[in-house]
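# Survey of secondary and tertiary structure
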Amino acid sequence: MRVDGAVALVTGASSGIGRRLATRLVDSGARVFAHGRDPAALAEVPGATPIAMDLADPSAPRALARRVLDLAGRVDLLVNNAGAGWAGPFADLPPEDLDRLLAVNLRAPAHLTRAVLPGMLDRGRGRLLFVGSIAGRLGVREEAVYAAAKAGLDVFAESLRLELAGTGVGVTVVVPGVVDTPFFERRGLPYRRRRPRPLPVERVAEAVLDAVEADRPEVYLPAWLRLPVAVRALAPGGYRRLTRRFG
């Protein structure tokens with residue numbers, strides 16, 4: 001799709017991928033609405049209209065969509081980027097954090113999509129972009145609920161892609177591995193592995209923007225992440241043995 005002149009709603013734009021992508025969209029000529037929970041951080045996204053809300057609130061996704069539609073009249077590009085994480089044994093996961101993980105990572109994108117999709121269909125154009133995770137493709141130890149929510153988001157997007165074929169509304173899923181953002185600090189457990197090394201957020205944002213402009217259905221970041229996904233699909237037993245050995 002053409003970004004110049006488009007109306008874009010980017011969730012999770014207070015920091016990380018969302019903030020960088022919102023900035024690049026503004027630079028490319030889009031009218032950007034930057035959502036996040038931190039009003040001060042959103043105010044630093046140059047050229048974007050900030051909207052501070054907590055998507056864990058059941059009423060927030062619909063309220064966010066209404067706000068943007070009231071101000072701009074349409075949404076051409078919806079970037080479902082906001083995410084919440086938690087790391088540790090599932091038995092130690094507080095129930096309120098379990099609810100938050102499902103709300104922010106899965107329920108909110110579904111409600112936002114439901115709110116903006118009818119207008120896209122009426123106009124015969126638009127793009128829905130979902131920032132998933134390799135955790136949703138493979139599963140990750142001590143991140144069971146986060147991985148489950150991202151897997152649900154993945155299948156939701158794939159189902160929509162099939163449903164929307166031929167309508168002019170496209171669907172893109174971004175599958176990142178480790179990205180150098182505050183996400184790991186906020187989930188309660190820093191990233192300590194030597195490999196894979198975290199990707200710069202600028203590289204991820206550029207790849208996402210390229211995917212939107214080229215109407216790509218799926219992007220792995222880095223591209224080699226397709227390999228473990230393929231191994232798991234073709235040889236699940238061998239894959240599980242490898243993960244038990246190497247983590």
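Throughout this document, residue positions are counted from 1 along each chain, in the order its sequence is written. It should be noted that, the model being predicted, local features are given only for residues of pLDDT at least 70 and side-chain atom pairs only at 80 or more, the latter also being counted only at that level, while totals for whole chains, interfaces and linings use all residues. Note: side-chain values were computed over all heavy atoms of the structure, leaving out hydrogens and water.

## Some details on helix α4 (residues 95-123)
Threshold: We count a stretch as a helix when DSSP gives it H or I for four or more residues in a row; a strand needs E for two or more, and each element gets its number in order from the N terminus. Any helix carries an expected span of 1.5 Å times its number of residues minus one. The seven residues ending at a residue and the seven starting there each receive a fitted axis; the angle between those axes is the bend at that residue. Throughout, a residue-residue contact means that at least one pair of heavy atoms, one from each residue, lies within 4.5 Å.
With 29 residues, α4 should cover 42 Å at 1.5 Å per step; its first-to-last C-alpha distance of 41 Å lies within 8% of that length. By the largest-angle criterion, alanine 103 marks the main kink of α4, which is about 40°. Here the buried face of α4 lies against β1 (7-10), α3 (60-72), β4 (77-80), β5 (126-131), α6 (144-163) and β6 (169-176). Looking at the residues trailing α4, positive phi occurs at glycine 124, about 75°.

## Some thoughts on the pattern of salt bridges
Condition: Salt bridges are identified by distance alone: a Lys or Arg side-chain nitrogen within 4 Å of an Asp or Glu carboxyl oxygen. With a 1.4 Å probe rolled over the protein chains alone, any residue whose accessible area is under 20% of its type maximum counts as buried; one over 50% counts as exposed, and the rest are partly exposed.
Summed over all chains, the structure comprises eleven salt bridges. With a closest N to O distance of 3.5 Å, aspartate 4 and arginine 2 form a salt bridge. For arginine 2, a relative accessible area of 66% puts it in the exposed group. Here arginine 161 and glutamate 158 are joined by a salt bridge, their closest N and O atoms 2.3 Å apart. Taken as a pair, arginine 161 and glutamate 158 lie in helix α6 at a separation of three residues, close to a single helical turn.

## Notes on the packing of α3 against α4
Our working rule: For helices, the fitted line uses only the C-alpha atoms of the stretch in contact; every axis is such a line through C-alpha atoms, and the angle between N-to-C directions lies from 0 to 180 degrees. Handedness of a crossing follows from how the near helix is turned relative to the far one, being left-handed for an anticlockwise turn of less than a right angle and right-handed for a clockwise one. Three classes are used: nonpolar for Ala, Val, Leu, Ile, Met, Phe, Trp, Tyr, Cys and Pro, charged for Asp, Glu, Lys and Arg, and polar for all others, with Gly counted as polar.
It is at 8 Å that the axes of α3 and α4 come closest, and there the two elements cross at 35°. Note that α3 runs across α4; the crossing there is right-handed. In this structure, α3 uses Pro61, Arg62, Leu64, Ala65 and Leu69 to contact α4, whose residues at the interface are Ala108, His111, Leu112, Ala115 and Val116. Of the residues belonging to the contact of α3 with α4, the class tally is eight nonpolar, one polar and one charged.

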